[in-house]
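A closer look at the structure
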Amino acid sequence: MTGLAKHNNIAVLIDAENAEKSKLKDSLDEIAAHGRITTRRAYGDWSKPQLGGWEDTINELAIQPKQQ
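Since the structure is predicted, the reported quantities are computational estimates derived from the model, not experimental observations.

Our focus in this paragraph is the side chain of Thr 57. Position of Thr 57 relative to the elements: it lies in helix α2 (residues 55–60). Setting aside residues no more than four positions away along its own chain, Thr 57 makes contact with Lys 21 and Leu 24.

Our focus in this paragraph is the nonpolar core. Nonpolar side chains in soluble globular proteins tend to end up buried together. Within the largest apolar cluster, 13 residues are counted, with the highest numbers of intra-cluster contacts made by Val 12, Ile 14, Leu 24, Leu 28, Trp 54 and Ile 63. The set of elements that each furnish at least two residues to this core consists of β1 (9–15), α1 (24–32) and β2 (36–44). Per element, the largest residue contribution to this core is 3 residues, and it comes from β1. Those residues in contact with Ile 63, other than ones at most four positions away along the chain, are Ile 14, Leu 24, Leu 28, Arg 40, Arg 41, Ala 42 and Ile 58.

Basis of the calculations
- Residues numbered from 1 in each chain as written.
- Predicted model: local features only at pLDDT ≥ 70, side-chain atom pairs only at ≥ 80, totals over all residues.
- Heavy atoms only, no water.
- Helix = DSSP H or I, 4+ residues; strand = E, 2+ residues; numbered from the N terminus.
- Contact = heavy atoms within 4.5 Å.
- Core = buried A, V, L, I, M, F, W, Y, C linked by side-chain atoms within 4.5 Å.
- Buried < 20%, exposed > 50% of the residue type's maximum accessible area, 1.4 Å probe, protein only.

Below, the structure written as structure tokens:
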């Protein structure tokens, strides 16, 4: 097997309404140690005020927000 064939592709799907955004970077770093993160999505009702502070985090960590 070549080096590329050994890599695990990982999708990270985040429940933004129940996740702590302050711990996301550390969590993504740990997950990346086990393979290549190919998809980063955060699901939530982005119209809710409680998710208003997520904009900087999702931009910094290249997470795609999905309206749920």
